Amino acid sequence: MMIYFSRKRIISFFVALVGFLPDGCNSFGLPSKGITSSIHAPINQENNDPLRRQIVCSIPLMALSLPANAAETAAEAIRILTSKNIPGLGPPDVYYPAYFAGKWKTTRIISSSDDAFFKDLENLGVKLPIKVISEMRFVTYDAGKDFQQSDNANLNIAPAIADRSFNEQSYYASLSEEIGRLYSSTKSMPSIQSVNWAPTNPNVLSLDYYDGSSKEVKVTKRSSDVSNDGNNIFSSEFRRITQVPSSSGIAEGIPSVYKSRVLTKWKQVSPDVIEGIEILYNEAGVLGDKSSDPLQMGIGGSGAISSLYGGDSKDLADWRSTKTKILMERI
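Every residue gets a number counted from 1 within its own chain, in the order that chain's sequence is written. A pLDDT threshold of at least 70 governs which residues receive local features in this predicted model, and a stricter bar of 80 or more applies before side-chain atom pairs are shown or counted, although totals over entire chains, interfaces and linings include all residues. Side-chain metrics in this entry use all non-hydrogen atoms of the structure; hydrogen atoms and water are not considered.

A.B. asks: Quick question: what am I supposed to make of the overall build of the protein here?
C.D. replies: Counting its secondary structure elements, the protein contains seven helices and 10 strands. Expressed as a percentage of the 331 residues in the protein, the buried residues total 37%. By sequence separation, contacts in the protein at least 24 residues apart represent 61% of the contacts at least 6 residues apart. Methods summary: accessible areas were calculated by the Shrake-Rupley approach with a probe of 1.4 Å, and residue burial reflects only the protein chains presented. Summing over all exposed atoms, the protein offers an accessible surface of approximately 19000 Å²; the carbon and sulfur share of this is 55%. Here a helix means four or more residues in a row that DSSP labels H or I, a strand means two or more in a row labelled E, and each is numbered from the N terminus. Relative accessibility thresholds used throughout: buried, under 20% of the residue-type maximum; exposed, over 50%; partly exposed, between the two (1.4 Å probe, protein chains only). Whether two residues are in contact is decided by their heavy atoms, any of which lying within 4.5 Å being enough.

Here it is, written out as structure tokens:
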């Protein structure tokens, strides 16, 4: 377990220590050279008692070996957990300030997207922007295993984590309901049958649908940051999405795998209101798939994409983005 000392506590400790060490101890709490600790040494005054000297001189070393109070602010607590990087992945999860904990009414405004999902909806009559009202839940992270807390006040800074299972189900159901309500002629989205996710393994979220299809979202890399006052939070996650369509569909159960990245920024407006912006990037093949489109790649590499990226652009990933504004109000 990593032991973390705040600068203020280290300074306070040594300031107090200077006035407490007896004669014969140096600043490290060890007997100075030439000072004997033998019980046969002459004792001229109480402060020179050898047993007392040995006990007092050991106090600094004992204190440094004790568990430290790891954080005094929410930002410090989050940075401690974020620093526990997993090689190649980054932090084990995205950690939020303590005020995120609880349930929130969440209003999402999907303002723009060139992703295939929303393009297909647009062809069926669904136009952006779309407002989706759902719920989100954040739970308090069990911080005790990662840093020590010395008083009850520090319990208020324990970071929170997103309940990804609850949030995904709530958003998906609300999106499906909103599309079905506003555009009844549109083919409905399949309902979720089960979700498999655990806080102890936050990197994998698996969903099964009633039509026999399934989806797995696996985080492959992440990073996050929080402002010193804890009011602004930023996170970035790279993900691998594996989708298996229903065996009765056109694809006949053949899985597809693509990359995804989600960028999120949060700002606390008041104790009960948080605003956020989310940009989702999904990989839609490579630009070479559009070689037959004269407006994109062009004949002989003379199209708009080729003019920007050069003749080798056919192997570049084609990323599609979806931009969403988020408003969370505490329930």
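From this point, the narrative continues.
A.B. asks: Any chance you could explain the packing of aromatic side chains here in plain terms?
C.D. replies: One pair of aromatic rings is described through two measures. These are the centre distance and the angle between the planes. Two rings from Phe, Tyr or Trp (for Trp, the six-membered ring) form a pair when their centres are within 6.5 Å of each other. A pair whose planes differ by under 30 degrees is stacked, one over 60 is edge-to-face, and the rest are tilted. Within the structure shown, the criterion is met by eight aromatic pairs. A centroid spacing of 5.1 Å and a plane angle of 70° characterise the contact between Phe100 and Phe138, whose relative ring orientation is edge-to-face. Residue Phe100 is found in the loop between α4 (74–82) and β1 (102–113), and its partner Phe138 is found in strand β2 (residues 130–140); the two are separated by 38 residues along the sequence. Relative accessible area serves as the criterion here: at 0%, Phe100 is assigned to the buried category. Both rings, one in Tyr172 and one in Tyr209, keep their centres 5.5 Å apart while their planes meet at 45°; by these two values the pair is tilted. Note that Tyr172 is positioned in helix α6 (residues 164–182) and Tyr209 in strand β5 (residues 201–209), a separation of 37 residues in sequence. The burial state of Tyr172 is the same as that of Tyr209; both residues are buried.

A.B. asks: Whenever I open this one, the pairing of strand β6 (residues 214–226) confuses me. Can you help?
C.D. replies: Strands pair, by our definition, only if DSSP identifies at least two bridges between them. In this sheet, β6 lies alongside β5 in antiparallel orientation, the contact comprising five bridges. From the neighbouring strand, Ser206 faces β6, where its bridge partner is Glu216. With antiparallel pairing between neighbouring strands as the criterion, β5 and β6 make up a hairpin whose turn holds four residues, including Gly212 at a positive phi of roughly 95°.

A.B. asks: How do you make sense of the side chain of Arg108 when you look at a structure like this?
C.D. replies: Within the secondary structure layout, Arg108 lies in strand β1. Arg108 has contacts with Ile130, Lys131, Val132, Met136, Tyr171, Glu278, Thr324, Lys325 and Ile326, leaving out every residue within four places of it along the chain.

A.B. asks: Would you take a moment to explain unusual backbone geometry for this structure?
C.D. replies: Keep in mind that most residues, glycine aside, have a negative phi and that most peptide bonds are trans. Between Leu128 and Pro129 the backbone carries a cis peptide bond, its omega angle lying at 5°. With respect to the secondary-structure elements, Pro129 resides in the loop between α5 (116–123) and β2.

A.B. asks: What is the right way to read the pattern of salt bridges from this model?
C.D. replies: It is possible for side chains of opposite charge to pair when their charged atoms get near one another. The salt bridge criterion pairs a side-chain nitrogen of Lys or Arg with a carboxyl oxygen of Asp or Glu, the two atoms within 4 Å. This model, assessed by the stated rule, comprises 10 salt bridges. The partner of Lys119 in a salt bridge is Glu122, and the shortest N-O contact between them spans 3.7 Å. Of this pair, Lys119 and Glu122 both sit in helix α5, three residues apart, which is roughly one turn of the helix. A cluster of three or more residues bridged by salt bridges with shared partners is formed by Asp93, Arg164, Arg222 and Glu237.

A.B. asks: Whenever I open this one, the nonpolar core confuses me. Can you help?
C.D. replies: Looking at soluble globular proteins, one finds that nonpolar side chains tend to be buried together. The set of buried Ala, Val, Leu, Ile, Met, Phe, Trp, Tyr and Cys residues whose side-chain atoms join them within 4.5 Å is what this entry labels a nonpolar core. Counting 21 residues, the largest nonpolar core has Tyr96, Phe100, Phe138, Ile233, Trp266, Ile274 and Met328 as the members making the most contacts within it. Among all residues touching Phe138, those that are not within four sequence positions of it are Tyr96, Phe100, Ala101, Gly102, Trp104, Ala160, Ile161, Ala162, Asp163 and Met328. Formed by 18 residues, the second largest nonpolar core is a distinct cluster that contains Ile110, Phe118, Leu121 and Val126.

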